[in-house]
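Commentary on secondary and tertiary structure
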Amino acid sequence: GNIAKNLNILISEAKGDYILIISCDDKLVEDSLAVKVNLMQNNKNLVFVASKKYYDIDSDSRIMKDNSLDNLNNSITIDELLELEYEDLHTFYIQGALFRKSIIDEIGRFDENLLGDDIVLRIKLFMHLKNNKNLE
């Protein structure tokens, strides 16, 4: 069905402070969630934490390929993130990233009428950050 609509239903039902989206073919790296939650708890202005590294694994969870999103670094600006999104249609995977739920609610969650729901969510998120200079 409509993935964005299904995610919006789940997000609306969520009661916690954070949202982590994971697809049925994804697996979290050990301790990655704890590290992300700790970063979010220690910085109330941090909107999301995404991973620069991801792995292609086989059905037995053996690493087949080690990948890195080299364009991302801690000092990248919102304008640079937007430019990457427009040029490459990809800045980071939303799967496995941790988001502050209040911000996801504030930006209107996923757009249910468009394909590429992750791209639209990232752009909405980056524009929100651009318009709210106190957030990171």
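What this report covers is the structure whose coordinates are included nearby. Everything quoted here is computed from the prediction, not taken from an experiment. (Residues numbered from 1 in each chain as written. Predicted model: local features only at pLDDT ≥ 70, side-chain atom pairs only at ≥ 80, totals over all residues. Heavy atoms only, no water.)

1. Describing the overall build of the chain
For the chain, the helix and strand inventory stands at 5 helices and 5 strands. Starting at the N terminus and ending at the C terminus, the chain contains elements arranged as α-β-α-β-β-β-α-β-α-α. For a compact globule of 136 residues, the expected C-alpha radius of gyration is about 14 Å, and the chain comes in at 15 Å, within 12% of that figure. Along the first, second and third principal axes, the C-alpha set of the chain runs to 45 × 35 × 30 Å. Within the span of the chain, comprising 136 residues, buried residues form 33% of the whole. For the chain, the accessible surface area stands at approximately 8600 Å², while carbon and sulfur atoms represent 50% of it. Side-chain charges in the chain split into 16 positive and 24 negative, and the spacing between the mean points of these groups amounts to 4 Å. (Helix = DSSP H or I, 4+ residues; strand = E, 2+ residues; numbered from the N terminus. Rg over C-alpha atoms; globule rule 2.2 N^0.38 Å. Buried < 20%, exposed > 50% of the residue type's maximum accessible area, 1.4 Å probe, protein only. Areas by Shrake-Rupley, 256 points an atom, 1.4 Å probe, with all protein chains shown as cover. Lys, Arg positive; Asp, Glu negative; His and termini not counted. Charge placed at Lys NZ, Arg CZ, Asp CG, Glu CD.)

2. Concerning a nonpolar patch on the surface
On the surface, a nonpolar cluster with roughly 340 Å² of combined accessible area is contributed by Val29, Tyr55, Ile57 and Ile63. Assignment of secondary structure puts isoleucine 63 in strand S4 (residues 63–68). (Patch = residues over 30% accessible without salt bridge, like charges linked within 9 Å, V, L, I, M, F, W, Y side chains within 5 Å. Salt bridge = Lys/Arg side-chain N within 4 Å of Asp/Glu carboxyl O.)

3. A few points about the pattern of salt bridges
Scanning the model with the defined rule gives 5 salt bridges in all. Between aspartate 105 and lysine 101 there is a salt bridge whose closest N-O contact spans 2.7 Å. On the criterion of helical spacing, the pair formed by aspartate 105 and lysine 101 is a turn pair, its members being 4 residues apart in helix H4 (residues 101–106). Assessed through its relative accessible area of 30%, aspartate 105 is described here as partly exposed. The closest approach of N and O atoms between aspartate 105 and arginine 109, which form a salt bridge, is 2.9 Å. Linked through salt bridges whose partners overlap, the residues forming this network are Asp58, Asp60 and Arg62.

4. A few points about the pairing of S4
Of the pairings in the sheet, the one linking strand S3 (residues 53–57) to S4 comprises 5 bridges and is antiparallel in character. Bridge pairing links aspartate 56 to lysine 65 in S4. (Pairing = 2+ DSSP bridges.)

5. Remarks on the environment of glutamate 106
Here glutamate 106 lies in helix H4. Placed 79 residues apart in sequence, glutamate 106 and lysine 27 show a C-alpha to C-alpha distance of 28 Å.

6. Points about helix H3 (residues 78–88)
Those residues of H3 that fall on the buried side of the exposure criterion are Leu81, Leu82, Leu84 and Glu85. Along the axis of H3, the buried residues cluster in a sector spanning 160°; they form a single face. (Arc of directions from axis to C-beta.)

7. Some thoughts on the nonpolar core
Judged by nonpolar contacts, the single largest core of 25 residues is most densely connected at Val47, Phe48, Phe92, Phe99, Phe110 and Leu125. Taken together, the elements giving at least two residues each to this core come down to helix H1 (3–13), H3, H4 and helix H5 (117–131). In terms of residue count, the dominant contributor to this core is H5 (4 residues). Residues Tyr18, Met40, Leu46 and Val49 belong to the second largest nonpolar core, which totals 5 residues. (Core = buried A, V, L, I, M, F, W, Y, C linked by side-chain atoms within 4.5 Å.)

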